Structure formats: C-alpha cells, structure tokens
Amino acid sequence: MAQGWLKPVALGTAALGLALAGVAAVKRDAFAAAYAGHALAKAETDEERARQARVLLDLAEPEAGRFTALFEGDRPAEARAAAAAFAAKFADATPGDPAFALWCRVVVGDGVKSSECGRAALLDLVPTLLKSNDPALPALLRPVVAAGLRGPTESKLLAARHALHPRLNARADLVPLLADADAAVRRAALLAVGPAADDGSEVVGTEELFRGLHDGDAGVRDLTVLALQSRGLSLSQVSLARQLTHPNPVERLALLTDLGTEESVKDAGPWLERLSRDADPAVRLGAARVAFEMGLQFTGWLDPLERTDPDATVRRWAAYYRQQAGLVRQAGN
C-alpha cells in the first residue's frame, strides 16, 4: 500500500518540478531581456548595440514587445541596431519559412506606425523582408516605402530603389519626385520612370518629361534627353521640345516658325495643339495663324481659342482664321 501512495506523489512532484523550472526559465528570459535592453541603451558602439538587439530578438516571441519597440523610439542608433540584428538572424531564412514570415509581418506591421528613425531603419530591411514569399508582405511594405519617399533625401533615394522591386511595383509613386528640391532625387526618379518601359507601361507621359530639359542640374538635363530618345524622339525633336517648354515666350514663338521647316516633324498638329494652350496669348494666337498657313484642317483645339480664350484678340483672330480656312476649302472645291 505504501508503494501505491508513492507513485502519485512522485508524479505530482515531477510535474511541480517542471512547472517551477518553466517559471524559472521565463523569469530568467525576462531578466536577460531587461538586461539586454539596459545594455543596449548604454552601448557606445554600433557593434555592441547590434549584439544586444540580437539578444532581444532571440529571446522574443514573434509579437510586439521589447524588440519591435526599438523601431518606435527616437533613437536612430537603436533602430539601426534592430534592423541589423533582424537581417543577421534571418540572413539564411528560406522564402517559405513560416517563422520568418510571421516575424516579417510583426516588424512591418509595427513599423508602419513607427518613428521617423524607425521607418528609416525599416527601409534598410526591405530587401531582407521581401525574401519571404508571404503574399501579404508587399501590401504591408508599400506604406513603408511611401513614407520613405516623403522623408529626407537619403530616405527618398533608398525608397526610390525599393519602389522598383517587381513585388512592390510602386514606380508611379516616384513621379512627384521629378520635381523634388534635391537634384540627386530628381535624377533617381528620372532614371526610374523616364526611359521607355519594356512592356510600354509608362507611368509618366512623354510631354511631362520636357520640363527636365530646363532643369538647373546638368545631370537631370542629360538624363531627360536620354529618356526622350528611348521613347522615340530624335535629337532634333528633343530640341523642339526644349523650345516648346522654354520659360521665355520668345523661344516658344520661334518654335512656330521652326515647325514649318523642321524635317523631323511629320505632323505639326500635336505641337500646335500644345502651343494653343500656352500661357502667353501671343503664342496661342501664333498657333492658330500657323495652322491656317500650313493648311491644316482645324479641329477641336481651335474651339477654345475662338470661344473661351481669356484674351479678346486671340478669340477674334482665331475666329478669323477659322473663317478663312473655310473659304479656302470652298474655293478648292
């Protein structure tokens, strides 16, 4: 009978031992995490910060906690350390690793609402994060890249490269950067969206690139020429485009004459239509006159000049040229 009592007591003692061991392990991990967090805050080198961040990551479950909080604070060095630790831990992760995918979601999910320095650190992680084949990640990462495109120059340049990743396909988000205050950003955006796409999926119109021909940065001007050539414009047509968008109206007026003599212009109609929307009334009026002199068939673009143009002289002469064109056609019949 005594032995019968010993069995349940022994089993109970073992279970209690396991439970106490588990509690001790939890407390030990919590203490280690707290110590690593303290050591990270006091670290003076990037190497030591990265080491302590890795300790935090190794001790953490894939959920928001001490590690993900590093992306939410106002300490850039700690955010960079967290990114470095994450990249090192998952350097050899396979695309289909579910634990890797779960951690990616946790880090990115918290990172979207992280601090400015945290978002900058997450930008460095984009290539690592996109190694996971989790189909949910691109949608989670696009806001991170979009935030980078609104950040300081360094972030814009890095985000611009990530936007070209085929899984993100965010080239259209780069179009506003064509007018960025920093020439380096404008060059990066132009390289990304300016040249003709292999599949013809341009995200910016050819005419919208013309303004780059007058950019204050020589590199932007040169890249604009190359981009326009890739879209089928000859150098002579690029020269005409430069006149078309020249800030001096005298140059735009000179284009009206050149359109009639330039052999590379097979159809002057589209050029004249664009000039008919010029800010200067003399240029708009000149477009109507040249169209008449060339014997072009007047189409819809003359209507606004005749009926709604803000300049009375333009309205009057546009009506005159339309009337004369009609008389010439009647005489020809």
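Check the entry above for the structure.
To start, this report covers the structure provided alongside it. (Residues numbered from 1 in each chain as written. Predicted model: local features only at pLDDT ≥ 70, side-chain atom pairs only at ≥ 80, totals over all residues. Heavy atoms only, no water.)

### Quick look at the overall build of the protein
Within the protein, the secondary structure is distributed over 15 helices and zero strands. Out of the 333 residues belonging to the protein, those deemed buried represent 40%. A sequence separation of at least 24 residues applies to 59% of the contacts in the protein between residues at least 6 apart. About 17,900 Å² of surface is accessible on the protein, with carbon and sulfur atoms providing 56% of the total. (Helix = DSSP H or I, 4+ residues; strand = E, 2+ residues; numbered from the N terminus. Buried < 20%, exposed > 50% of the residue type's maximum accessible area, 1.4 Å probe, protein only. Contact = heavy atoms within 4.5 Å. Areas by Shrake-Rupley, 256 points an atom, 1.4 Å probe, with all protein chains shown as cover.)

### Topic: the packing of aromatic side chains
This structure, assessed with the given rule, holds nine aromatic pairs. Here phenylalanine 86 and phenylalanine 100 contribute two aromatic rings whose centre-to-centre distance is 6.5 Å and whose plane-to-plane angle is 40°, an arrangement assigned as tilted. With a gap of 14 residues between them, phenylalanine 86 in helix 3 (residues 76-89) and phenylalanine 100 in helix 4 (residues 98-111) connect regions that are remote in the sequence. Given a relative accessible area of 0%, phenylalanine 86 falls into the buried group. Here the aromatic residues Phe292, Trp317, Tyr320 and Tyr321 are joined through ring pairs into a cluster of three or more. The residue whose ring lies beneath lysine 89 is phenylalanine 90, and the NZ or CZ to ring-centre distance is 5.8 Å. (Phe/Tyr/Trp six-rings, centres within 6.5 Å; stacked < 30°, edge-to-face > 60°. Lys NZ or Arg CZ within 6 Å of the ring centre and 35° of its normal.)

### Comments concerning the pattern of salt bridges
All chains considered together, the criterion is met by 15 salt bridges. For arginine 274, the salt bridge goes to glutamate 207, with nearest N and O atoms at 2.4 Å. Here the residue arginine 274 occupies a position in helix 12 (residues 269-275), and glutamate 207 occupies one in the loop between helix 8 (183-193) and helix 9 (218-230), the gap between them amounting to 67 residues. Residue arginine 274 is classed as buried on the basis of its relative accessible area, which comes to 17%. Assessed through its relative accessible area of 37%, glutamate 207 is described here as partly exposed. (Salt bridge = Lys/Arg side-chain N within 4 Å of Asp/Glu carboxyl O.)

### Quick word on the nonpolar core
Residues Phe67, Phe71, Phe86, Leu272 and Leu275 are the most contacted members of the largest nonpolar core, which totals 80 residues. Apart from residues lying up to four places away in sequence, phenylalanine 71 is in contact with Ala79, Ala82, Ala83, Val107, Ser114, Ser115, Gly118, Ala121, Leu122 and Leu125. (Core = buried A, V, L, I, M, F, W, Y, C linked by side-chain atoms within 4.5 Å.)

### Things to note about unusual backbone geometry
Within the chain, asparagine 169 stands out as a residue other than glycine whose phi angle is a positive 50°. Relative to the helices and strands, asparagine 169 is located in the loop between helix 7 (153-163) and helix 8. Asparagine 169 gets classed as exposed once you look at its relative accessible area, which sits at 60%.

### A closer look at helix 6 (residues 137-149)
Residue pairs spaced three or four apart in an α-helix point in one direction, given the helix's 3.6 residues per turn. Compared with an ideal rise of 1.5 Å per residue, which puts 13 residues at 18 Å, helix 6 spans 18 Å between its outermost C-alpha atoms and is within 8% of the ideal. Among all positions in helix 6, only Leu137, Pro138, Leu141, Val144, Val145, Ala146, Ala147, Gly148 and Leu149 are buried. (Expected span 1.5 Å × (residues − 1).)

### Observations regarding the packing of helix 11 (residues 249-258) against helix 13 (residues 281-293)
Their axes nearest at 10 Å, the elements helix 11 and helix 13 cross at an angle of 0°. As summarised for this structure, helix 11 and helix 13 are arranged roughly parallel, according to the angle between their axes. In contact with Pro249, Arg252, Leu253 and Leu256 of helix 11, helix 13 contributes Ala282, Val283, Gly286, Ala287 and Val290. By residue class, the composition of the contact of helix 11 with helix 13 is seven nonpolar, one polar and one charged. (Axes fitted to C-alpha atoms, helices over the stretch in contact; angles between N-to-C directions. Parallel < 35°, antiparallel > 145°, perpendicular 65-115°, else oblique. Nonpolar A, V, L, I, M, F, W, Y, C, P; charged D, E, K, R; others polar.)

### Brief notes about the packing of helix 5 (residues 116-129) against helix 7
Two numbers describe a pair of packed helices, the interaxial angle and the distance between the axes. Axis separation between helix 5 and helix 7 bottoms out at 10 Å; the angle between their running directions is 25°. Comparing their axes, helix 7 and helix 5 come out roughly parallel. Helix 5 and helix 7 meet at a crossing whose hand is left-handed. Of helix 7, the residues touching helix 5 (which contributes Ala120, Leu123, Asp124, Val126 and Pro127) are Ser155, Leu158, Ala159 and His162. Among the residues making up the contact of helix 5 with helix 7, the classes are represented as six nonpolar, two polar and one charged. (Left-handed = near helix turned anticlockwise from the far one by under 90°.)

### Notes on the environment of alanine 120
Here alanine 120 shows up in helix 5. Separated by 34 residues in the primary sequence, alanine 120 and glutamate 154 have C-alpha atoms spaced 8.9 Å apart.

By themselves, these are just geometric observations and shouldn't be taken as functional.
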